[in-house]
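Chain residues, written in single-letter form:
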Amino acid sequence: MIFGGRDLFEFWRLALTTTCCIYAAVMMARSLWRLAVFLSGADRTASMMRSYVVVQIMRLRLRRFTGEFVRIGSWLVILAAVLYAHTRI
């Protein structure tokens, strides 16, 4: 079925993708907000968790992950090129 020059399945994919992305963004924001509220507490557990998070962030070495970041970026560029080529056909 074609409505207005667009396939009905194409509209369904766009609507589903938009809905899922919005849902994932809202859930992520809620989780991060709850974590921030928990870590801002004054009790002993929250204090220990804050210290643990700070230590883990300080231990993070970005140079170790540079190769992975480059690889992920190159795959994203390839994906964007394929999607662009697909829409041009």
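Heads up: the structure comes first, above all this text.
Residues numbered from 1 in each chain as written. Predicted model: local features only at pLDDT ≥ 70, side-chain atom pairs only at ≥ 80, totals over all residues. Heavy atoms only, no water.

A. Spatial organisation of helix H3 (residues 62–88). Here H3 spans 37 Å end to end across 27 residues, near enough to the 39 Å set by a 1.5 Å rise per residue. Residue Glu 68 marks the point of greatest curvature in H3, where the axis turns by about 30 degrees. (Helix = DSSP H or I, 4+ residues; strand = E, 2+ residues; numbered from the N terminus. Expected span 1.5 Å × (residues − 1). Bend = angle between axes of the 7 residues up to and from the residue.)

B. Main features of a nonpolar patch on the surface. Together, Leu 60, Leu 62, Phe 65, Phe 69, Ile 72, Leu 76, Leu 79 and Leu 83 make up an exposed nonpolar region whose accessible area comes to about 800 Å². Within the secondary structure layout, Leu 83 lies in helix H3. (Patch = residues over 30% accessible without salt bridge, like charges linked within 9 Å, V, L, I, M, F, W, Y side chains within 5 Å. Areas by Shrake-Rupley, 256 points an atom, 1.4 Å probe, with all protein chains shown as cover. Salt bridge = Lys/Arg side-chain N within 4 Å of Asp/Glu carboxyl O.)

C. View of the pattern of salt bridges. Using the criterion set out here, one finds 1 salt bridge in the structure. Two residues, Arg 71 and Glu 68, come together in a salt bridge whose shortest N-O distance is 2.8 Å. Within this pair, Arg 71 and its partner Glu 68 are both found in helix H3, separated by 3 residues, close to a single helical turn.

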